[in-house]
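Take a look at the letters that make up each chain.
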Amino acid sequence: MTRRAMWLLAGAVGLVLIVGAGLWIWQSTSRPASTEDTALAYLHALESGDAEALTAVSATVPKTALTAFTAADERIQEGALTSVARSGETATAEVSFVLAGEQRTASLSLSRTDGRWSVDASALGTVRAGASAGGFVAIGDTTFAIGEEISLFPAVYTIRAAPRDLIEGEADAIVLPGDSVEFALDVTLLPAATEAAQTALDEHLADCTESGEIMPSGCGIRIPWGTEFLGVTDVRYRIDSSPVLTLNPAGFDAANGVLIATVTGTAQDGDTRTTTYRTESWSLRGDVAFTETGVELSVW
């Protein structure tokens, strides 16, 4: 065999080896992840706090669970896969990890769709929060309604009463796969809550006194015009001093307001009459509700 032929043969063999190696690498990197790979990827994503990686290996996940996970106070550590049991298109992975200083074990359910394994939503835990006041709680910047079942990735979270600038109260929740946690927050009203409620009341009373009605409902206005007028054609109000509001978790009292009402109409004798009434004991009561971002009043 000539030297040229030997070089051609060697080149052909090298090309075959390169193509074969490339084919092996492509097959190894493009084949679907196994159940073991998927379960480990899930644990590693929980450990690193990688929300994008969690999405990639999870079945349908609530967006709120992902955003809340970014605010977790403590994530799992030392995640390990103990065993995997497969049955057709489903599997169960037994795992272990450390969370809140304790060694934990859990079972992760997986399912295969279109050849791809993913961790089911049953691997999430749930939290249901109650509170002595308010209608919402927050994890980071994500809010949830009181009594709502909140699905969360395994981690340690601080659950706070919302809105946080008006009320305070918090508790730590250790969320484990497939477990449910229930608790009630002891909520305290902050001074800003009274300020916000007073502002809301002042806005409500401004609407009341611009209405032109003789005694608008839900405004605490009482005018004894019936003893002097047969009918009223015009009412003008002036607030000299708004009732001062006192707030409690369930409602409010507002007292000692000063209101002047100038009433024009037909007097009892049939003549046109204008009379000014003044009260220095203008008062109201009502209910209070805290929304996700503020406070709402319902005046009796």
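Just so you know, these numbers come straight off a predicted model, no measurement behind them.

What counts and how
Residues numbered from 1 in each chain as written. Predicted model: local features only at pLDDT ≥ 70, side-chain atom pairs only at ≥ 80, totals over all residues. Heavy atoms only, no water. Phe/Tyr/Trp six-rings, centres within 6.5 Å; stacked < 30°, edge-to-face > 60°. Helix = DSSP H or I, 4+ residues; strand = E, 2+ residues; numbered from the N terminus. Buried < 20%, exposed > 50% of the residue type's maximum accessible area, 1.4 Å probe, protein only. Lys NZ or Arg CZ within 6 Å of the ring centre and 35° of its normal. Polar contact = N/O pair within 3.5 Å; in protein donor to acceptor, adjacent residues only side chain to side chain. Contact = heavy atoms within 4.5 Å. Pairing = 2+ DSSP bridges. Axes fitted to C-alpha atoms, helices over the stretch in contact; angles between N-to-C directions. Expected span 1.5 Å × (residues − 1). Arc of directions from axis to C-beta. pLDDT = per-residue confidence, 0-100. Salt bridge = Lys/Arg side-chain N within 4 Å of Asp/Glu carboxyl O.

Chemist: Lay out the packing of aromatic side chains with the relevant residues and their values.
Modeler: This structure, assessed with the given rule, holds two aromatic pairs. Ring geometry for Y42 against F153: centres 6.5 Å apart, planes inclined by 50 degrees, an arrangement best described as tilted. Taken as a pair, Y42 in helix α2 (residues 35–48) and F153 in the loop between β8 (149–152) and β9 (155–162) lie far apart in primary sequence, 111 residues in all. Of the two residues examined, Y42 and F153, each falls in the buried class. Each residue in the set Y42, F69 and F153 is aromatic and connected to the rest through ring pairs, giving one cluster. The positively charged end of R273 is found above the aromatic ring belonging to F229, 5.8 Å away from the centroid.

Chemist: Explain the side chain of T126 residue by residue, including any values.
Modeler: Take T126: it is sitting in strand β5 (residues 125–131). Polar side-chain contacts of T126 include one of 2.8 Å to the side chain of S180. Contacts of T126, omitting those with residues within four sequence positions, involve E149, I150, S151, V175, D179, S180 and V181.

Chemist: Help me get a handle on the sheet that holds strand β7 (residues 142–145), residues and values and all.
Modeler: Reading across from one edge, β7-β6-β9-β11 is the order of the four strands in this open sheet, with antiparallel pairing throughout. Each end of this open sheet is capped by a strand with a single partner; those strands are β7 and β11 (170–175). Each adjacent strand pair in this sheet contributes to an overall mean axis angle of 35 degrees, direction not counted. The pairing of strand β6 (residues 136–139) with β9 spans three bridges and is classified as antiparallel. Paired with F136 across the two strands is A162, which belongs to β9.

Chemist: Can you tell me about the sheet that holds β8, naming the residues and giving the values?
Modeler: For sheets, the rule is that strands pair by backbone hydrogen bonds, running either parallel or antiparallel. Reading across from one edge, β8-β5-β12 is the order of the three strands in this open sheet, with mixed pairing throughout. Strands at the two margins of the open sheet, each flanked by one partner only, are β8 and β12 (180–185). Along the sheet, successive strands turn relative to each other by an average axial angle of 30 degrees, direction set aside. Sheet topology note: the β5/β8 ladder contains four bridges and is antiparallel. Paired with G125 across the two strands is L152, which belongs to β8.

Chemist: With reference to specific residues and values, describe helix α5 (residues 191–210).
Modeler: The end-to-end C-alpha distance of α5, which contains 20 residues, comes to 29 Å, matching closely the 28 Å that a straight helix rising 1.5 Å per residue would cover. Within α5 the residues assigned to the buried category are A193, A197, Q198, L201, L205, C208 and T209. Viewed along the axis of α5, the buried residues span an arc of 130 degrees, placing them on a single side of the element. Among the exposed residues of α5, those pointing more than 90 degrees away from its buried face are E195, E203, D207 and E210. Of the surrounding secondary structure, the elements contacted by the buried residues of α5 are β14 (229–241), β15 (244–247), β16 (251–267), β17 (272–290) and β18 (295–299). G212 sits one or two positions beyond α5 and adopts a positive phi of about 75 degrees.

Chemist: Run through the environment of Q268, naming residues and quoting values.
Modeler: By the secondary structure assignment, Q268 is in the loop between β16 and β17. Separated by 3.0 Å, the side chain of Q268 and the backbone oxygen of G226 make a polar contact.

Chemist: Provide a residue-level description of the environment of A131, including the pertinent values.
Modeler: Structurally, A131 is set in strand β5. With 16 residues separating them along the chain, A131 and G147 place their C-alpha atoms 8.9 Å apart. Look past the residues within four positions of A131 in its chain and what remains in contact with it is I146, L185 and V187.

Chemist: So what's going on with the confidence of the model for the chain? Which residues, and what values?
Modeler: Counting all residues, the mean pLDDT for the chain is 90, and 89% of those residues have values of 70 or more. Scored below 50 in pLDDT, residues 15–30 shows zero contacts in the model against residues more than four places distant or in partner chains.

Chemist: Explain α2 to me, and be specific about the residues and the numbers.
Modeler: For α2, which comprises 14 residues, the first-to-last C-alpha distance of 20 Å matches the rise-based estimate of 20 Å (1.5 Å per residue) to within 8%. Along α2, the positions that sit buried rather than exposed are T35, T38, A39, Y42, L43, A45 and L46. Considered in projection along α2, the buried side chains sweep an arc of 160 degrees and stay on one side of the axis. Lining the buried residues of α2 we find α3 (51–57), α4 (63–69), β1 (77–87), β2 (90–99), β3 (102–113) and β4 (116–119). Among the residues trailing α2, G49 stands out with phi positive, at a value near 80 degrees.

Chemist: How would you explain the pattern of salt bridges if you had to name every residue and give the values?
Modeler: Under the counting rule described, the total for this entry stands at 12 salt bridges. Between E89 and R112 there is a salt bridge, with the nearest N and O atoms lying 3.1 Å from each other. Taken together, the positions of E89 in the loop between β1 and β2 and R112 in strand β3 put the pair 23 residues apart, joining distant regions of the chain. A relative accessible area of 44% means that E89 is categorised as partly exposed. A salt bridge links D240 to R278; its shortest N-O distance comes to 3.3 Å. Of this pair, D240 sits in strand β14 while R278 is found in strand β17, placing the two residues 38 residues apart along the sequence. What makes D240 partly exposed here is its relative accessible area of 40%. One connected set of salt bridges, linked through shared partners, spans R238, D240, R278 and E280.

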